[in-house]
Structures are given as structure tokens and as C-alpha cells.
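# Structural description and commentary
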Amino acid sequence: MEKHLLEVTNMKTSFFTHVGEVQAVRGIDFHIKPGEALGIVGESGSGKSVTAMSIMGLLQYPGKVKEGQIVFNGEDLVKKSQRYMMGVRGNQIAMIFQDPMTSLNPVYTIGDQIIEAIVRHQKISKKAARIKAVEMLRLVGIPSPERRIDNYPHEFSGGMRQRAMIAIALSCEPALLIADEPTTALDVTIQAQILELIKDLREKLDTSVILITHDLGVVADVCSRVIVMYGGLIMEEGSGHEIFYRPRHPYTAGLLQSVPRMDIAEKKRLKPIPGTPPDLVNPPGGCPFAARCPHTMRICLEEMPRHTVLSETHRAACWLLDKANAERGDE
């Protein structure tokens, strides 16, 4: 059996605010193998980015991983100190954030910021780090990297800034790259280029990738496996083919119906999902999607279903998949 690079077990992350405990992630389990690309999709507020920040150890007060395990290369990161995590972040696990303009320091050159990461983690001279920084900029497609390395972030276009962020993230050859909405602020042409770049670099460097997005279309070509989150829980998990062509959870089906499809000839009106996401200060006792689901039964409002295993790679948490329970709920 292939060893998992990252294994998350029953992870619960909350924010303890003046209005109460916001239960952002409410007990999730997933894994990623070496060299694999995993997509995590869902609406805003579903817990995707909080999952990434929990893995990276970047949660600040009032946020806290209050339960569960995050095992990376055999080590439970939840139990590690911030000093230990500083050695992991940027070195073994790297992250690309949504907006490179707020992630890059405007008063330092692009080169300085790549060199800093390399020198910090790889313990090599600044001269050697500069040579590697130029190589990284060339790898991510920055033209004339020997010259552009001395530019400041404001001298780069949006797409080039995101490429620079990817260069920083990959400069220490991490085992895991987490990309949190890496194409949000970019036009569609640049989006396609960035996604193709992430895909190519994963294949070249054999880096595992977690791609976090609200857009199902973004993960279609990049990820071999997809997790669908809602209300701080995993609603469905499966291969790309299973999620896109055989969705078994009503929420996944709703997401697919609300985005344009280019692979079918028949024109269909898009169907938005009615209603709003649940209040995670007072999360529902049953399925979090029950209030918006067209198939809601009584049991859906009372009890959260367990995941039904549909294949070796496919599982979904829905009472519709358990006929006995569905019949009991309709009584």
C-alpha cells in the first residue's frame, strides 16, 4: 500500500469570537499521496481555506485546531511548535495565496524574496541562491529572468506576480504545494496559463498539489481527485471523472448545474443553488445542506449521515445513498 504524504484525521478548526465559536471545519478526513494533485472545491465559507491554513500552521488568534491530526511525513503537525513549523513552511510545504500583491513585499525586489527563502531553508550562500532564483524564474516562464530578478512587485503584471509567487513557493523543492485560489484575480487567459504551469511543474518536480478553489472547472484538468466541502464538512470525494460525470451528492450536482458546460451540445439554463450557507456559529444538527436540498427528508434535518463508500475512490455523505435510512426518514 502506497504511503500517504499527508493524512488529515477528524480535523476540527474553530474561531473563538465575541459572538461565539465559529466551527469553520467540523471533522474532516482526507489524504494525499506523493506526486498526486487533489482539488478541494466548495462555496465561500465552506472551510477550504481554513483547511489549508490549518495544515500550514498559519492560524492566528482566535483561530485554533481544537481536535484531530495532521500527519505529514509521519509527523503530527498539530503537536509541533511554531519554531518547528517555520522549518516546514516554505521548505517541505509551500503555499501560493490568492492575491500576490498582498503576499509579496512591495519594498523588496522579487529576487530578494526568492533568495531569502532559499538561504533560510537550504543554508547556501547568497550568490548560489541568486543563481537558483534566476533558474526558478526561468522555470515559471518569466522572460529575461537575469534582468527581471531585480524588479519590484509593482513592475510585474498580475500574471507575472503570480508566477513569481510560484517560483518562491517551489524554490526549496517542497514535497507539498498548496494553491489557494491561485487564479482568482487574473483574466481567463492568464488563469489557463497559471493552471497549465502548476500542472507542468507538478509533473517535472513530482510535487504533490492541493488546489483550493470555488470553481469546479479549474480543477477539471489539473486534479486527479476532488473533495467537495460544504458547511465545514466533506460532502463528497472521488476521482475527477466520478465527481464530474457521476456525482452522488445533491450539493455536488447543484454546483455542476450552476457552471457553464462546454462538453455538451445542448444549451441549458444555469441553475443557481437557492438559499445561503449555514451559520457555523450555530451549525445545523443534521446535514448542513438540508435547508437548500431539493431532496430533503426528515432524517436529513436531524442527523448527519456517514460517508457511503461507492467505490475505492468515491464516497459521499447523503441519506439518499442509504435506502433503509431514507425509508425510515420518510415514515
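Residues numbered from 1 in each chain as written. Predicted model: local features only at pLDDT ≥ 70, side-chain atom pairs only at ≥ 80, totals over all residues. Heavy atoms only, no water.

### Digging into the overall build of the chain
- The helix and strand inventory of the chain stands at 13 helices and 12 strands.
- Relative to a compact globule of 331 residues, whose C-alpha radius of gyration would be 20 Å, the chain shows 21 Å and is just as compact.
- C-alpha atoms of the chain, sized along the principal axes, occupy 75 × 50 × 45 Å.
- Classification of the 331 residues of the chain by burial places 50% in the buried group.
- Taking as baseline every contact in the chain between residues at least 6 positions apart, the subset at least 24 positions apart corresponds to 64%.
- Summed over all atoms, the accessible surface of the chain reaches about 16,500 Å², with 52% contributed by carbon and sulfur. (Helix = DSSP H or I, 4+ residues; strand = E, 2+ residues; numbered from the N terminus. Rg over C-alpha atoms; globule rule 2.2 N^0.38 Å. Buried < 20%, exposed > 50% of the residue type's maximum accessible area, 1.4 Å probe, protein only. Contact = heavy atoms within 4.5 Å. Areas by Shrake-Rupley, 256 points an atom, 1.4 Å probe, with all protein chains shown as cover.)

### Digging into the state of the cysteines
- Counted according to the given criterion, the structure contains zero disulfides.
- Left without a disulfide partner, Cys-293 is nearest to the cysteine sulfur of Cys-318, which lies 6.2 Å away. (Disulfide = S-S within 2.5 Å.)

### Regarding the packing of helix α4 (residues 110–122) against helix α5 (residues 126–139)
- Running from N to C, α4 and α5 cross one another at 120°; their axes reach a closest spacing of 9 Å. Judged by the angle between their axes, α4 and α5 are oblique. Remark: the crossing between α4 and α5 carries right-handed chirality. Residues Ile-110, Ile-114, Ile-115, Ile-118, Val-119 and Gln-122 of α4 touch α5, and the partners they reach there are Lys-126, Ala-129, Arg-130, Lys-132, Ala-133 and Leu-137.
- Within the contact of α4 with α5, the residues separate by chemical class into eight nonpolar, one polar and three charged. (Axes fitted to C-alpha atoms, helices over the stretch in contact; angles between N-to-C directions. Parallel < 35°, antiparallel > 145°, perpendicular 65-115°, else oblique. Left-handed = near helix turned anticlockwise from the far one by under 90°. Nonpolar A, V, L, I, M, F, W, Y, C, P; charged D, E, K, R; others polar.)

### As for the layout of surface pockets
- As a volume, the largest pocket reaches approximately 670 Å³.
- Along its surface, the largest pocket is lined by 21 residues, and Arg-89, Gly-90, Ala-117, His-121 and Ile-168 are the ones closest to its centre.
- Considering every element that reaches the lining of the largest pocket, the biggest residue donor is α4, with five residues.
- Here the residues of the lining of the largest pocket sort into 12 nonpolar, six polar and three charged. (1 Å grid on protein atoms, 1.4 Å probe; cavity = no way out; pocket = protein on both sides within 12 Å on 5 of 7 lines; lining within 4 Å. Points joined across faces, edges and corners; volume = space filled by probe spheres on them.)

### Regarding the pairing of strand β3 (residues 37–41)
- Most of β3 is tucked away: five of the five residues are buried.
- Taking every second residue as pointing to the same face, both faces of β3 are buried, with Ala-37, Gly-39 and Val-41 on one and Leu-38 and Ile-40 on the other.
- With five bridges joining them, β3 and strand β8 (residues 208–213) adopt parallel strand pairing. Across the sheet, the residue bridging to Leu-38 is Ile-210, located in β8. (Pairing = 2+ DSSP bridges.)

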